[in-house]
Amino acid sequence: MATTITPVQNTNNIKHCMLIDLTLGGTTYYLSGAYTPITYNSNTYTELGSFISVSDMPEDIKTTNGDIQISLSGIPSEQDYMSLILTTPIKGGEVTIYRAFFNADYTLDSANVFQRYKGIITNFAIAEDTDFIEGKNTNSVSVSCASINTILEAKVAGQRTNLTDRQKFYPTDQTFDRVADLHRVSFDFGREYTGGTGYGGGGGPGGGPGGGPFRDFGRNFQFR
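Residues numbered from 1 in each chain as written. Predicted model: local features only at pLDDT ≥ 70, side-chain atom pairs only at ≥ 80, totals over all residues. Heavy atoms only, no water.

Draft legend 1. Fine view of unusual backbone geometry. A positive phi is found at Asn 41, a non-glycine position, where the angle reads about 55 degrees. Mapping Asn 41 onto the fold places it in the loop between β3 (38-40) and β4 (43-47). If you check the backbone angles, Ser 42 has positive phi at about 65 degrees while not being a glycine. Along the chain, Ser 42 turns up in the loop between β3 and β4. (Helix = DSSP H or I, 4+ residues; strand = E, 2+ residues; numbered from the N terminus.)

Draft legend 2. Local environment of the nonpolar core. Counting 24 residues, the largest nonpolar core has Leu 31, Ile 70, Val 95, Ile 97, Ile 121 and Cys 145 as the members making the most contacts within it. Once residues lying within four places of it in the same chain are set aside, the contact partners of Cys 145 are Gly 66, Asp 67, Ile 68, Ile 70, Val 95, Tyr 117, Ile 120, Ile 121 and Thr 122. The next biggest cluster of nonpolar side chains, apart from the first, holds 10 residues, and it includes Ile 38, Tyr 98, Ala 100 and Phe 102. (Core = buried A, V, L, I, M, F, W, Y, C linked by side-chain atoms within 4.5 Å. Buried < 20%, exposed > 50% of the residue type's maximum accessible area, 1.4 Å probe, protein only. Contact = heavy atoms within 4.5 Å.)

Draft legend 3. View of the pairing of strand β2 (residues 27-32). Strand direction decides the pairing type here: strand β1 (residues 16-24) and β2, joined by 6 bridges, are antiparallel. Each bridged residue has a counterpart across the sheet, and for Leu 24 the counterpart in β2 is Thr 27. Between β1 and β2, which pair antiparallel in sequence order, lie 2 residues; one of them, Gly 25, sits at a positive phi of approximately 55 degrees. Both β2 and β4 contribute to a ladder of 2 bridges, which runs parallel. Bridging from a neighbouring strand, Leu 31 pairs with Thr 46 of β4. (Pairing = 2+ DSSP bridges.)

Draft legend 4. Up close: the environment of Val 143. Within the secondary structure layout, Val 143 lies in strand β9 (residues 136-147). When the C-alpha positions of Val 143 and Ile 68 are compared, they lie 8.5 Å apart, and in sequence the two are 75 residues distant.

Draft legend 5. Quick look at the environment of Gln 69. Inspection of the secondary structure puts Gln 69 in strand β6 (residues 68-73). Take Gln 69: its relative accessible area is 42%, and that puts it in the partly exposed class. The sequence separation of Gln 69 and Ser 53 amounts to 16 residues, and the corresponding C-alpha distance is 8.2 Å. There is a polar contact of 3.3 Å between the side chain of Gln 69 and the side chain of Ser 144. (Polar contact = N/O pair within 3.5 Å; in protein donor to acceptor, adjacent residues only side chain to side chain.)

Structural data, given as structure tokens:
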């Protein structure tokens, strides 16, 4: 599979479709925008035709974030996607989208399949439209996908000052072993003032230079 699409020449009739790998709960579902089943990489993609839609994919010269939406309407009977969305931990699922170009006789060569997008599912929505006059009920499912760059930007980096986090990175390091013992323990720093009241004159017991009081900085310092 290539990622750079070869320019099409000597024809103005391009036949193509989207191929979507949707991984939910450890199971991968194969969908396509074609009107007949498509086989690619030994996987059969379920035909959905106009029942599947993918939002525009932003393309830039430099690497940027790009979120897309995949919508399914007229849910096919071969797979209950409505129930699948409601009963499967869908957030965090993986989505890979390919664009496949057909030959003139509608056959497909693997060399003409190109990956266009890869991301992670971040949200989903279910819409229900009921026409009481016609007696029809239409359901649609859409999933929102964030690019890998978006996920990396939201990733929390760094380390907290506790033993559990420290041992994730350095299992044998004992630097933070006593952090739990020191938690919320008070420490008195400096000397408590007990001496005179004036600032002038010579020094005296309990006083600082010139008879002034000692200042108690950090008297009630605590580890938190």
